[in-house]
Amino acid sequence: MKNCSEFTYSAIAILLAICLTFLSPDGLGQTQLILVATGSTMLAPLYTLWGNEYQRVHPGTQLHYLPVGTSESANRILSGVGDLGGGDAPIPEQQLKEAKHAVMELPTVLVGIAVFYKLPGSPTGIRLTGPLLANIYLGKTTSWSDREIARLNPDIKLPDLAIKVLHRTDGKGSNYIFSDFLSKVSPEFLTKVGTNVSPKWPVGAAFSRCQDLLANAAETSGAIGYAELRCGEKSGLGIAQIRNAAGRFVKASTKSISDVAVSMESKMKEDFRISLTNAPGKESYPIASFSWFYVPVDPQDLQRSAAVKEFLSWVYGSGQEIAQAQSYTTLPASVLERVRAKVAALH
């Protein structure tokens, strides 16, 4: 009997090979092309919505989105499986060089990784720094009554309570963004853990989905964890203010995440793979990044490739408006212009 991963792989292969034929209301056959996209679980709600809205205005094309995770999506698209990939981390350079199929990475929206916590009395706006977070995730800072936490939060009565560390399982884009930030602000974290979609966390409990992590945090006094902002905004958990590169404590929001891209605009040029964590802007939220589409450069099927290009053209037009209406942080105008030019140049 096939295991789950084998079944999913087979399902993708089947979907890639077929076009479905439906009868239109007037009795005439209408061919529908199914595009298969694998990607991160973090942005699954947005990418699924994009697929549904695109099909509504382009009924001849359907996008089938499989949320397999950032790392697995990259592996599949680089091996030629799927029409489009999606992830919350740039593909490692070595992996790109060794891949059977060339891939272009295009930013889709900006995401912010918020730090959530559960404490008695539900104190709001606890202040934390990158080095302190690094020590917590290294297992060095173990109590909410720690001297450094108390120093940063003199007006909050902190409990003498153990910190219960929560993190994501391997292959997740949120791991990459969070560990990238911690690696920038803590030499020790960089040496012992580093930036990775699959960090070797010294402490903590792992959760595959952000919803599961947040649900556990809500039931665990003393818990701390990280998740995409929109995933946990309505969880009822406290959201920490994080000190940015300018020395200000900032809470994750659409505005503070958007400021990240604006502050890094001059450094981006044509390289969208640039790290955005701990950006220099005064109001920038420091744990933020692009999310990307992984797009095959050399088409194996011209019809499917043309359909992908049409879908991407829509994503960077109407799709951005839809994302903004859903409170996602969309691409700045200058970045969007350059992305559109890259899409137009696709075969």
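Above this text you will find the structure in question.
Presented here is an overview of the structure given in this document.

What counts, and at which threshold
- Residues numbered from 1 in each chain as written.
- Predicted model: local features only at pLDDT ≥ 70, side-chain atom pairs only at ≥ 80, totals over all residues.
- Heavy atoms only, no water.
- Helix = DSSP H or I, 4+ residues; strand = E, 2+ residues; numbered from the N terminus.
- Buried < 20%, exposed > 50% of the residue type's maximum accessible area, 1.4 Å probe, protein only.
- Contact = heavy atoms within 4.5 Å.
- Areas by Shrake-Rupley, 256 points an atom, 1.4 Å probe, with all protein chains shown as cover.
- Pairing = 2+ DSSP bridges.
- Phe/Tyr/Trp six-rings, centres within 6.5 Å; stacked < 30°, edge-to-face > 60°.
- Lys NZ or Arg CZ within 6 Å of the ring centre and 35° of its normal.
- Core = buried A, V, L, I, M, F, W, Y, C linked by side-chain atoms within 4.5 Å.
- Disulfide = S-S within 2.5 Å.
- Polar contact = N/O pair within 3.5 Å; in protein donor to acceptor, adjacent residues only side chain to side chain.
- Axes fitted to C-alpha atoms, helices over the stretch in contact; angles between N-to-C directions.
- Parallel < 35°, antiparallel > 145°, perpendicular 65-115°, else oblique.
- Left-handed = near helix turned anticlockwise from the far one by under 90°.
- Salt bridge = Lys/Arg side-chain N within 4 Å of Asp/Glu carboxyl O.

Some thoughts on the overall build of the protein
Okay, step 1: For the protein, the count of helices and strands is 14 helices and 13 strands.
Okay, step 2: Taking all 347 residues of the protein together, the buried fraction comes to 50%.
Okay, step 3: Across the protein, every contact between residues at least 6 apart in sequence was considered, and the portion connecting residues at least 24 apart equals 73%.
Okay, step 4: Summed over its atoms, the accessible surface of the protein is roughly 15500 Å², and 52% of this surface lies on carbon and sulfur atoms.

Quick word on the pairing of strand β4 (residues 84–87)
The two faces of a sheet get side chains in turn, since along a regular strand they alternate between them.
Okay, step 1: Across the two faces of β4 the burial is the same, with Leu84 and Gly86 and Gly85 and Gly87 all buried.
Okay, step 2: One ladder, built from 3 bridges, connects β4 with strand β13 (residues 288–296); its direction is antiparallel. Bridge pairing in β13 links Gly87 to Trp292.

Considerations on the packing of aromatic side chains
Okay, step 1: For the structure on display, the rule yields 17 aromatic pairs.
Okay, step 2: Ring plane angle 75° and centroid distance 5.5 Å describe the contact between Tyr47 and Tyr65, whose orientation is recorded as edge-to-face. Here the residue Tyr47 occupies a position in helix α2 (residues 44–57), and Tyr65 occupies one in strand β3 (residues 61–67), the gap between them amounting to 18 residues. The pair formed by Tyr47 and Tyr65 is uniform in burial state, with each residue classed as buried.
Okay, step 3: Each ring, one from Phe290 and one from Trp292, has its centre 6.2 Å from the other, and the planes form 75°; the classification is edge-to-face. By the burial criterion, Phe290 is buried, and Trp292 matches it.
Okay, step 4: One Lys or Arg, Arg230, reaches over the ring of Tyr328 and ends 4.0 Å from the middle of that ring.

Regarding the nonpolar core
Okay, step 1: Within the largest apolar cluster, 98 residues are counted, with the highest numbers of intra-cluster contacts made by Trp50, Tyr137, Ile224, Phe293, Leu312 and Tyr316.
Okay, step 2: The element contributing the most residues to this core is strand β5 (residues 103–117), with 10 residues.
Okay, step 3: Residues in contact with Trp50, not counting those within four places in the same chain, are Thr108, Val109, Phe293, Phe311, Trp314, Val315, Gly319, Gln320, Ile322 and Ala323.

Some details on the state of the cysteines
Okay, step 1: What the rule picks out here adds up to 1 disulfide.
Okay, step 2: With a sulfur-sulfur separation of 2.0 Å, Cys210 is cross-linked through a disulfide to Cys231. Across the S-S bond of Cys210 and Cys231 the torsion is about 90°, and the bridge reads as right-handed. Within this pair, whereas Cys210 is found in helix α9 (residues 210–218), its partner Cys231 is found in helix α10 (residues 229–232), the two being separated by 21 residues in sequence.
Okay, step 3: Owing to a relative accessible area of 11%, Cys210 belongs among the buried residues under this scheme.

With respect to the sheet that holds strand β11 (residues 241–243)
Okay, step 1: Here we have 3 strands laid out as an open sheet, ordered β6-β11-β12, and mixed in their pairing. The open sheet has two free edges, formed respectively by β6 (127–128) and β12 (249–250), since each of these has just one partner strand.
Okay, step 2: With 2 bridges connecting them, β6 and β11 associate as parallel partners. In the sheet register, Arg127 faces β11, and the bridge partner there is Gln241.

Points about the environment of Tyr285
Okay, step 1: Structurally, the position occupied by Tyr285 is in the loop between α12 (265–268) and β13.
Okay, step 2: When the C-alpha positions of Tyr285 and Ile113 are compared, they lie 9.2 Å apart, and in sequence the two are 172 residues distant.
Okay, step 3: Once you skip the residues sitting within four places of it in the chain, Tyr285 turns out to touch Ile113, Ala114, Val115, Ile242, Val250, Lys251, Ala252, Ser256, Ile257 and Val260.
Okay, step 4: Of note is the side chain of Tyr285, whose polar atom sits 2.7 Å from the backbone oxygen of Ile113.

Brief notes about the packing of helix α13 (residues 302–325) against helix α14 (residues 333–344)
Okay, step 1: At their nearest, the axes of α13 and α14 sit 9 Å apart, and the two run at 160° to each other. One element, α13, and the other, α14, form an angle in the roughly antiparallel class. Crossing of α13 against α14: the hand is left-handed. Across the interface between the two elements, Lys309, Leu312, Ser313, Tyr316, Gly317 and Gln320 from α13 touch Leu336, Val339, Arg340, Val343 and Ala344 from α14.

Quick notes on the packing of α2 against α13
Okay, step 1: Where α2 contacts α13, the two axes come as close as 10 Å, and the packing angle between them is 110°. Here α2 lies roughly perpendicular to α13, going by the angle between them. Facing α2, whose interface residues are Leu46, Leu49, Trp50, Glu53, Tyr54 and Val57, α13 presents Ala307, Glu310, Phe311, Trp314, Val315, Gly319, Gln320, Ile322 and Ala323.

Some remarks on the pattern of salt bridges
Okay, step 1: On inspection of all chains with the given rule, the structure shows 11 salt bridges.
Okay, step 2: Measuring nitrogen to oxygen at the nearest pair gives 3.1 Å for the salt bridge that ties Arg56 to Glu53. Remark: Glu53 and Arg56 occur in helix α2; sequence separation between them is 3 residues, near one turn of the helix.
Okay, step 3: Here Glu72 makes a salt bridge to Arg76, at a shortest N to O gap of 2.8 Å. Taken as a pair, Glu72 and Arg76 lie in helix α3 (residues 70–78) at a separation of 4 residues, close to a single helical turn.

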